[in-house]
Amino acid sequence: MTDPQTLPVIDVAPLVAGAPGREGVAAQIGAACRAHGFFYATGHGVDAALVRRLEELSHRFFELPEETKMQWRMALGGRAWRGYFPLGGELTSGRPDWKEGLYLGTELPTSHPLVQAKTPVHGPNLFPDVPGLRETILAYMAAVTQLGHRLMEGIALSLGLPAAYFAERYTADPLILFRLFNYPSQPVPEGLDVQWGVGEHTDYGLLTILHQDDVGGLAVHTPGGWIDAPPVPGAFVCNIGDMLDRMTGGLYKSTPHRVKRNTSGRDRLSFPLFFDPNFEARVQRIEGLAGAEARDDSAGRWDRANVHAFSGRYGDYLLAKVSKVFPQLRDEVL
Ligand SMILES: O=C(O)CCC(=O)C(=O)O
Ligand SMILES: [Fe+2]
């Protein structure tokens, strides 16, 4: 039985290896997705030294003066939606979050057909000039994207589907967005309407794979109330997003979460990688899932949206959401 007060820690090694035990791993993932949509993954095979190096280099970047970091500001990333945003620069539910960040994603050259076609959220990254950061980000995104493919196989098996179900329809070429976040411990100036590191929200796509450092602050809104998702050394926090909720008719919940304002006295780093359907993919219900009701839960949702009513390209869903969190960019780049 899954304890409703703690998030399960699942050793995904057999799934990563494609070994016989992967059915058992899939069953545990399925139980977690039905219970809270959140779990920790250990045994994932992503090199701990790579994660440590990314933490060190990220600290080095965020420690730079704000004027320096603004050399790589998002406004310069254009439609690709890449670059640095300063403290208070992103809104959740209309309020500024107390975090700064660097937006990244799959690295595509300007000559790539999708970039030439001006497809939003596709393009080259704006890599800060911190020695080693570019290579480390690219290696990290590649490793965690591979993990995303394996976890989606586990999710497919957990629904009684062929392992390649999602890859065949949505994620042969997944949309990967990646962020480095820093939640500084610095107090909020008087008069600013800031409450959270990140306000309550759900993630938009299929699966989020998050590394958080040892500071803590992430909390998850389960049916039984808010529970903490404290750091578990060496584990990724995995949670499902709105599209999997939509595809499964609500069987797998896209669970709201938020991050407390950091008052620990040291910076908190987190690195979410969003493993999402291809921008052009049309998102459809999975046929014949027992227990799926596709209930309209919009009245109780943070954004009052009915994900089950959505039909269209994943890219359109994403853009409608993103333009709410960065309203100042919407007019410039979309
Ligand atoms: O920083 C965290 O721990 C969570 C961030 C998050 O929820 C998000 O970026 O969607
Ligand atoms: Fe999130």
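Read on for a plain summary of the structure. (Residues numbered from 1 in each chain as written. Chains lettered and ligands numbered in written order. Predicted model: local features only at pLDDT ≥ 70, side-chain atom pairs only at ≥ 80, totals over all residues. Heavy atoms only, no water.)

**A look at the overall build of the protein chain**
Argument step 1. On a plain count of helices and strands, the protein chain comes out with 10 helices and 14 strands.
Argument step 2. Relative to the compact-globule value of 20 Å for 334 residues, the protein chain shows a C-alpha radius of gyration of 19 Å, a close match.
Argument step 3. Counting across all 334 residues of the protein chain, residues that qualify as buried make up 55%.
Argument step 4. Counting contacts in the protein chain only where the partners sit at least 6 residues apart, residues at least 24 apart contribute 77% of the total. (Helix = DSSP H or I, 4+ residues; strand = E, 2+ residues; numbered from the N terminus. Rg over C-alpha atoms; globule rule 2.2 N^0.38 Å. Buried < 20%, exposed > 50% of the residue type's maximum accessible area, 1.4 Å probe, protein only. Contact = heavy atoms within 4.5 Å.)

**Comments concerning empty space enclosed by the protein**
Argument step 1. The tally for this structure, following the rule as stated, stands at 1 cavity of 30 Å³ or more.
Argument step 2. By volume, the largest cavity amounts to about 40 Å³.
Argument step 3. Secondary structure elements with two or more residues in the lining of the largest cavity: strand S7 (175-183) and helix H9 (314-325).
Argument step 4. Looking at the lining of the largest cavity residue by residue, the classes come out as 6 nonpolar, no polar and 1 charged. (1 Å grid on protein atoms, 1.4 Å probe; cavity = no way out; pocket = protein on both sides within 12 Å on 5 of 7 lines; lining within 4 Å. Points joined across faces, edges and corners; volume = space filled by probe spheres on them. Nonpolar A, V, L, I, M, F, W, Y, C, P; charged D, E, K, R; others polar.)

**Quick notes on the sheet that holds strand S14 (residues 268-276)**
Argument step 1. If you walk across this open sheet you meet the 8 strands as S1-S2-S12-S9-S14-S7-S6-S3, and the pairing is mixed. One side of each edge strand has no neighbouring strand; the edge strands of this open sheet are strand S1 (9-11) and strand S3 (83-85). Neighbour-to-neighbour, the strand axes of the sheet open up by a mean angle of 25 degrees, direction not taken into account.
Argument step 2. In this structure, strand S6 (residues 100-105) lies alongside S7, joined through 6 bridges in antiparallel fashion. Bridging across to S7, Gly-101 finds its partner in Phe-181.
Argument step 3. The strands touched by helix H3 (residues 48-62) are S3, S6, S7, strand S9 (207-212) and S14; relative to S14, the strand with the most contacts, the crossing angle is about 115 degrees.
Argument step 4. Sheet contacts for helix H6 (residues 133-158): strand S2 (38-42), S6, S7, S9, strand S12 (236-240) and S14; angle to S9, the most-contacted strand, approximately 130 degrees. (Pairing = 2+ DSSP bridges. Axes fitted to C-alpha atoms, helices over the stretch in contact; angles between N-to-C directions.)

**Some thoughts on the site of ligand 1**
Argument step 1. Close to ligand 1 lie Phe-181, Tyr-183, His-201, Asp-203, Leu-210, Leu-218, His-257, Val-259, Arg-268, Ser-270, Pro-272 and Phe-274, which account for all nearby residues.
Argument step 2. A distance of 2.5 Å is found between an oxygen atom of ligand 1 and a side-chain nitrogen or oxygen belonging to Tyr-183.
Argument step 3. The separation between an oxygen atom of ligand 1 and a polar side-chain atom of His-201 is 3.0 Å.
Argument step 4. In isolation ligand 1 has 290 Å² of accessible area, and contact with the protein removes 95% of it. (Near = heavy atom within 4 Å. Polar contact = N/O pair within 3.5 Å; in protein donor to acceptor, adjacent residues only side chain to side chain. Areas by Shrake-Rupley, 256 points an atom, 1.4 Å probe, with all protein chains shown as cover.)

**Some thoughts on the sheet that holds strand S13 (residues 257-260)**
Argument step 1. Spatial strand order, S8-S13-S10-S11: 4 strands in an open sheet with antiparallel pairing. Where the open sheet ends on each side, the last strands, each with one partner, are strand S8 (196-201) and strand S11 (225-228). For this sheet, the mean inter-axis angle between neighbouring strands, taken without regard to orientation, is 25 degrees.
Argument step 2. Where strand S10 (residues 218-222) lies against S11, 4 bridges are found, and the strand directions are antiparallel. Residue pairing across strands places Val-220 opposite Ile-227, the latter belonging to S11.

**Here's the deal with the coordination of the iron ion (ligand 2)**
Argument step 1. Coordination of the iron ion (ligand 2) by the protein comes from His-201 (NE2), Asp-203 (OD) and His-257 (NE2), over a distance range of 2.1 to 2.2 Å.
Argument step 2. Along the chain, the residues donating to the iron ion (ligand 2) are arranged with the sequence spacing H-x1-D-x53-H. Taken together, the residues Asp-203 in the loop between S8 and S9 and His-257 in strand S13 connect sequence positions 54 residues apart.
Argument step 3. His-257 sits in the buried class, given a relative accessible area of 6%. (Donors = N, O, S within 2.8 Å, 3.2 Å for Na, K, Ca; no water.)

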